[in-house]
Amino acid sequence: MKKVLLLDNHNHPINICTWKRALILLMKGKAENARRLNDIENMIKVENILIPRVIKLTYDLAVPYKELPFCRENILVRDDFVCQYCGKKFKPEELTLDHVFPKSRLGPDIWENIVACCKDCNQKKADRTPKEARMKLLRRPFRPKDYLKFELLKYPAAVVKYWCEFFAYDLATS
Ligand SMILES: [Zn+2]
């Protein structure tokens with residue numbers, strides 16, 4: 001996992017970048033090691049170069065708002081690979097996407113109308129609303145707001161834990 005967490009100059013995480021990008025920012029003086037410690041644990045090693053796992057911009061940057069792509073993968077991540085009807089966790093390939101208000105009745109393709117759903121529940125619900133099918137949604141589907149917090153969910157837990165540990169980036173508030 002040769003990725004680097006990038007913070008703005010107020011220590012707020014703004015991006016996850018490749019080690020190459022991190023190296024360029026460091027060499028240009030646009031970023032610095034966020035921890036100010038050079039111990040090996042805080043570095044990743046790429047081709048004999050040590051790069052900090054977390055870097056921080058040295059200048060003020062207004063970060064533009066980034067819209068999260070609406071796609072199958074992101075819906076599954078939002079729902080934590082849990083079927084939103086039976087509450088069980090599945091592998092990505094075992095999940096389908098369900099239109100809460102049925103597609104056959106012109107239910108729209110939007111964040112607020114699509115949920116992760118296992119094949120059994122999808123078959124059971126068929127072309128009905130949850131109420132008609134007497135199936136309860138675990139929670140109301142929503143459009144995720146914070147792009148970066150959402151991106152972090154896709155990384156291995158150990159990497160995210162390292163990033164979060166030092167910068168108190170609270171995933172629970174997403
Ligand atoms: Zn299910």
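In this text, all values refer to a predicted model and were calculated from it rather than measured experimentally.

1. Here's the deal with the overall build of the chain
- The secondary structure content of the chain amounts to six helices and eight strands.
- Its helices and strands taken in sequence order, the chain reads β-β-α-β-β-β-β-α-β-β-α-α-α-α from the N to the C terminus.
- In terms of overall dimensions, the chain is more spread out than a globule: its C-alpha atoms have a radius of gyration of 20 Å, far above the 16 Å expected for 174 residues.
- C-alpha atoms of the chain, sized along the principal axes, occupy 60 × 30 × 25 Å.
- Taken across its 174 residues, the chain has 17% of its residues classed as buried.
- In the chain, 59% of the contacts between residues at least 6 apart in sequence involve partners at least 24 apart.

2. A look at the domain arrangement of the chain
- Here the domain parsing of the chain yields domain 1 (3–65 + 146–166) and domain 2 (72–125).
- Placing a centre on the C-alpha atoms of domain 1 and another on those of domain 2 gives a separation of 33 Å.

3. What to know about the sheet that holds strand β3 (residues 31–33)
- Judged by pairing direction, the sheet is mixed, and its four strands sit side by side in the order β2-β1-β6-β3 without closing on themselves. Single-partner strands in this sheet number two, and they are β2 (13–18) and β3. Mean inter-strand twist for the sheet, computed between neighbouring axes without regard to direction, equals 35 degrees.
- Alignment of strand β1 (residues 3–7) against strand β6 (residues 54–57), held across three bridges, turns out to be parallel. Along β6, the bridge assignment pairs L5 with V54.
- Helix α1 (residues 19–27) rests against β1, β2, β3 and β6 of the sheet, and its axis sits at about 110 degrees to β2.

4. A closer look at the environment of R21
- Mapped onto the fold, R21 is located in helix α1.
- Counting along the chain gives 18 residues from R21 to K3, while the straight-line C-alpha distance between them is 9.5 Å.

5. As for the nonpolar core
- Residues V4, L5, L6, L7, A22, A31, A34, I55, L57 and W163 constitute the largest nonpolar core, which totals ten residues.
- Where this core is concerned, the elements lending two or more residues are β1 and β6.
- Per-element tally for this core: the top contributor is β1, with four residues.
- Grouped together as the second largest cluster of nonpolar side chains are nine residues, C83, I114, V115 and C117 included.

What counts and how
- Per chain, the residues get numbers from 1 upward, laid out in the order the sequence is written.
- Given that this is a predicted model, residues contribute local features only at a pLDDT of at least 70 and side-chain atom pairs are listed and counted only at 80 or more, while totals for whole chains, interfaces and linings are drawn from all residues.
- A run of H or I in DSSP counts as a helix once it spans at least four residues, and a run of E counts as a strand once it spans at least two, with each numbered from the N terminus.
- The size measure is the radius of gyration over C-alpha atoms, and the globule rule it meets is 2.2 Å times the number of residues to the 0.38 power.
- Exposed residues have 12 or fewer other C-beta atoms within 10 Å of their own C-beta, buried residues have 20 or more, and partly exposed residues fall in between, where C-beta atoms are placed from the backbone.
- It is the C-beta atoms, placed from the backbone, that decide contacts: two residues are in contact if theirs lie within 7 Å.
- What fixes the domain bounds is an automatic or database domain assignment.
- DSSP bridges decide pairing: two strands pair if at least two such bridges lie between them.
- Between N-to-C directions, angles cover 0 to 180 degrees, with each direction set by a line fitted to C-alpha atoms, over the stretch in contact for helices.
- When buried Ala, Val, Leu, Ile, Met, Phe, Trp, Tyr and Cys residues are joined through C-beta atoms within 7 Å, the set is termed a nonpolar core.

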